[in-house]
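Descriptive analysis of the structure
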Amino acid sequence: MTSVDPGQARRLLERELERGEYSGAHVTWWDRASRDVLEWFGSLRPDGFGGAGVSRTLLVVAIVVLVAVVVLVVVSRGLPRRRARLRADDARGVLDDDDLRSAAAIADAARAALRAGDWSTAVLEGYRAVARGLGERDLVPDVPGATASAIAVRASRPFPAFSDDLHRAATTFDAVRYLGLDTDEAAARQVLDTESRLRTARPARSDVPAVPA
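Residues numbered from 1 in each chain as written. Predicted model: local features only at pLDDT ≥ 70, side-chain atom pairs only at ≥ 80, totals over all residues. Heavy atoms only, no water.

Observations concerning the overall build of the chain
Of the regular secondary structure elements, the chain holds 8 helices and 0 strands. Walking the chain from its N terminus toward its C terminus, one meets helices and strands in the order α-α-α-α-α-α-α-α. In the chain, which comprises 213 residues, the proportion classed as buried is 35%. Nonlocal contacts in the chain, meaning residues at least 24 apart in sequence, comprise 73% of its contacts between residues at least 6 apart. Of the accessible surface of the chain, which amounts to about 13100 Å², a share of 56% is contributed by carbon and sulfur atoms. (Helix = DSSP H or I, 4+ residues; strand = E, 2+ residues; numbered from the N terminus. Buried < 20%, exposed > 50% of the residue type's maximum accessible area, 1.4 Å probe, protein only. Contact = heavy atoms within 4.5 Å. Areas by Shrake-Rupley, 256 points an atom, 1.4 Å probe, with all protein chains shown as cover.)

And the structure:
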């Protein structure tokens with residue numbers, strides 16, 4: 001087995017950390033601390049510890065610590081990017097910008113999912129049908145990009161009798177889409193029943209706009 005002295009180990013790790021996937025982060029207290037540790041290991045000399053056995057042990061310990069440093073750097077710098085992607089996903093509304101389906105088409109997809117026993121898809125498509133239907137009837141403007149709870153609040157003005165059902169459906173939608181939770185048939189049917197009844201309901205007369213100025 002080819003031996004690697006502490007100086008070589010340090011240079012190998014420094015070259016590894018210079019790769020592109022480790023760039024883009026600001027210097028942190030962890031970066032400074034790990035650099036100090038690397039410099040300390042680089043200053044070690046085998047002849048200063050009483051024999052080859054001790055120096056080999058120290059070298060093994062040094063390599064283990066250096067590998068741990070690489071792993072921690074990857075984890076600590078990768079998680080913020082993942083959180084940023086999650087925040088970007090959470091910022092999306094009920095309807096995606098490229099979803100141009102009609103309310104009827106979305107409702108058909110929701111009912112097909114319900115028949116197939118895909119409760120989660122039935123919930124998501126059912127509430128999207130609610131949102132698109134409100135937009136098509138000009139009852140809740142600017143539906144694309146609006147969140148489920150915002151749609152429930154706005155739709156409750158022309159349909160006050162549906163307020164509880166709308167908020168319940170919105171909560172189910174958020175739990176499925178953003179929290180990744182499983183749902184059941186009863187919850188899926190509640191969303192689709194709300195969509196069906198809302199589609200044929202007559203809005204209440206109101207001088208208050210659905211979206212406050």
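After that view of the structure, there is still more to cover.
Concerning the nonpolar core
By size, the foremost hydrophobic cluster in this structure holds 34 residues, and its most contacted members are V94, Y127, L134, I151, F159, L166 and L198. Of all the secondary-structure elements, those providing two or more residues to this core are helix 4 (103-115), helix 5 (119-136), helix 6 (148-155), helix 7 (163-177) and helix 8 (185-200). Among the elements that take part in this core, helix 5 stands out by supplying 8 residues, more than any other. Leave out the neighbours within four places in its chain, and F159 touches L134, R137, L139, L198, A201, R202 and P203. (Core = buried A, V, L, I, M, F, W, Y, C linked by side-chain atoms within 4.5 Å.)

Brief notes about the packing of aromatic side chains
One pass over the full model with this rule turns up 3 aromatic pairs. When the centroid spacing of 5.5 Å and the interplanar angle of 40° are considered together, the rings of Y127 and F173 count as tilted. With Y127 in helix 5 and F173 in helix 7, this pair connects stretches of sequence that are 46 residues apart. Ring centres of F173 and Y178 lie 6.5 Å apart, and the angle between their planes is 75°; on these two criteria the pair is classed as edge-to-face. Note on Y178: relative accessible area 27%, which makes it partly exposed. One aromatic cluster in this structure is built from Y127, F173 and Y178. (Phe/Tyr/Trp six-rings, centres within 6.5 Å; stacked < 30°, edge-to-face > 60°.)

Examining unusual backbone geometry
Excluding glycine, residues mostly have negative phi values, and the peptide bonds linking residues are mostly trans. With a phi close to 60°, D138 is a non-glycine residue in the positive phi region. Tracing the chain through its elements places D138 in the loop between helix 5 and helix 6. Judged by relative accessible area, which is 68%, D138 ranks as exposed.

Looking at the packing of helix 5 against helix 7
Two elements in contact, helix 5 and helix 7, have axes separated by 9 Å at closest approach and are oriented at 130°. Relative to helix 7, helix 5 is oriented oblique. Crossing of helix 5 over helix 7 shows left-handed handedness. Of the residues in helix 7, those touching helix 5 at S120, V123, L124, Y127, R128 and V130 are L166, A169, A170, T172, F173, V176 and R177. Among the residues making up the contact of helix 5 with helix 7, the classes are represented as 9 nonpolar, 2 polar and 2 charged. (Axes fitted to C-alpha atoms, helices over the stretch in contact; angles between N-to-C directions. Parallel < 35°, antiparallel > 145°, perpendicular 65-115°, else oblique. Left-handed = near helix turned anticlockwise from the far one by under 90°. Nonpolar A, V, L, I, M, F, W, Y, C, P; charged D, E, K, R; others polar.)

Points about the confidence of the model for the chain
Per-residue confidence for the chain gives a mean pLDDT of 76; residues scoring 70 or more make up 57%. Per-element confidence in the chain is highest for helix 8, whose mean pLDDT is 96, and lowest for helix 3 (residues 52-90), whose mean pLDDT is 59. Taken as a whole, residues 79-91 scores under 50 in pLDDT and shows 3 contacts with residues more than four places along the chain or in a different chain. (pLDDT = per-residue confidence, 0-100.)

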